[in-house]
Amino acid sequence: MPNPTDPSQLDAEALYSVLLQQVRDGLSGLADVAIVGIHSGGAWLAERLARDLGLEARLGVIDVSFYRDDFAEKGLHAGVKPTRIGFDVNGATILLVDDVLYTGRTTRAAINELFDYGRPARIMLAALVDRGSRQLPIAADFVAATVRLEPPRALVLGQAGDGQFTLTIDDHHA
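Residues numbered from 1 in each chain as written. Predicted model: local features only at pLDDT ≥ 70, side-chain atom pairs only at ≥ 80, totals over all residues. Heavy atoms only, no water.

**Q** How would you summarise the packing of helix H1 (residues 12-27) against helix H2 (residues 41-53) if you had to cite specific residues and measurements?
**A** Where H1 contacts H2, the two axes come as close as 11 Å, and the packing angle between them is 55°. For the element pair H1 / H2, the angle class is oblique. As H1 packs across H2, the resulting crossing turns out to be right-handed. Taken together, the residues of H2 that come into contact with H1 (itself represented by Glu 13, Tyr 16, Leu 20, Val 23, Arg 24 and Leu 27) are Leu 45, Arg 48, Leu 49, Asp 52 and Leu 53. Its residues assigned to classes, the contact of H1 with H2 comprises 7 nonpolar, no polar and 4 charged. (Axes fitted to C-alpha atoms, helices over the stretch in contact; angles between N-to-C directions. Helix = DSSP H or I, 4+ residues; strand = E, 2+ residues; numbered from the N terminus. Parallel < 35°, antiparallel > 145°, perpendicular 65-115°, else oblique. Left-handed = near helix turned anticlockwise from the far one by under 90°. Contact = heavy atoms within 4.5 Å. Nonpolar A, V, L, I, M, F, W, Y, C, P; charged D, E, K, R; others polar.)

Now the structure itself:
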């Protein structure tokens, strides 16, 4: 049996199934739920979660590029996408979705951006993988696996044309 804490053994589809069950159980009974995915891997996961949970009408996607605290240092990447939130954020329970939770800086930027759209009643965080090494006090409410990777290695979520997820290790991520 593969070791779920060994990054080379991660099965993205199996992890998605675990995450879906955690989210389904965790959101049960909550009112005014919406799902917001962080571009790009978190958005892919959020789209599939919304479809599997029947929340397609309450799906949003955000790109935190302009909200990152390291924007001046890293600059703007070529793949900036528009933020799309077509529902009222005020009073909603927002499930914020990212593919890999690492330093916490992307999550912080996403929360800042969400508050530009209104004041949610609650924000919960779901991540496919938590790779530790947090720089900010942020933790996921739902996470399918926890692994350790030393920089500059990174986990990269991919999505095939048929919607299936894959996880690969990038040994040269900056």
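From this point, things continue past the structure.
**Q** Could you give an account of the environment of Gln 22, naming the residues involved and the relevant values?
**A** Relative to the assigned elements, Gln 22 resides in helix H1. The partly exposed category is assigned to Gln 22, whose relative accessible area is 27%. Here the side chain of Gln 22 touches Val 143 through a polar contact of 2.9 Å, landing on its backbone nitrogen. (Buried < 20%, exposed > 50% of the residue type's maximum accessible area, 1.4 Å probe, protein only. Polar contact = N/O pair within 3.5 Å; in protein donor to acceptor, adjacent residues only side chain to side chain.)

**Q** So what's going on with the pairing of strand S2 (residues 59-62)? Which residues, and what values?
**A** Bridging between strand S1 (residues 33-38) and S2 involves 4 bridges; their strand directions are parallel. By the bridge assignment for S2, Gly 37 is matched with Val 61. Once the chain exits S1 it traverses H2 before rejoining the sheet at S2, and the crossover so formed is right-handed. Pairing geometry for S2 and strand S3 (residues 84-85), over 2 bridges, is antiparallel. (Pairing = 2+ DSSP bridges. Right-handed = clockwise from strand over helix to strand, strands pointing away.)

**Q** Describe the nonpolar core, listing the residues and the values that go with them.
**A** Counting 31 residues, the largest nonpolar core has Leu 95, Leu 128 and Leu 167 as its most contacted members. Those elements that provide at least two residues to this core are H1, S1, H2, strand S4 (93-101), strand S5 (122-130), strand S6 (142-146), strand S7 (154-159) and strand S8 (165-170). With 7 residues, the single largest contributor to this core is H1. Apart from residues no more than four positions distant in its own chain, Leu 128 is found in contact with Ala 12, Leu 15, Tyr 16, Leu 19, Leu 45, Asp 98, Asp 99, Val 143, Ala 144, Ala 145, Leu 157 and Leu 167. In terms of nonpolar packing, the next biggest core, distinct from the first, is built from 18 residues, Ala 34, Ile 62, Val 89 and Ile 94 among them. (Core = buried A, V, L, I, M, F, W, Y, C linked by side-chain atoms within 4.5 Å.)

**Q** Please set out the sheet that holds S5 residue by residue, giving values where relevant.
**A** Spatially, 6 strands are ordered S3-S2-S1-S4-S5-S6 in an open sheet, and the strand pairing comes out mixed. The sheet terminates laterally at S3 and S6, the two strands that pair on one side only. Of the pairings in the sheet, the one linking S5 to S6 comprises 4 bridges and is parallel in character. When the bridges of S6 are listed, Val 129 appears paired with Ala 145. Packed on one face of the sheet, H1 meets S1, S4, S5 and S6 and runs near 150° to S6. Docked against the sheet, H2 engages S1, S2, S3, S4 and S5, running at close to 155° with respect to S1.

**Q** Outline the pattern of salt bridges, supporting the account with residue identities and numerical values.
**A** Enumeration over the complete set of coordinates arrives at 4 salt bridges. Between Glu 13 and Arg 48 there is a salt bridge, with its nearest N and O atoms 2.6 Å apart. Here the residue Glu 13 occupies a position in helix H1, and Arg 48 occupies one in helix H2, the gap between them amounting to 35 residues. Arg 48 shares its class with Glu 13; the two are buried. Put simply, Asp 32 and Arg 58 hold a salt bridge, and the shortest N to O gap is 2.6 Å. (Salt bridge = Lys/Arg side-chain N within 4 Å of Asp/Glu carboxyl O.)

By themselves these figures say nothing about function.
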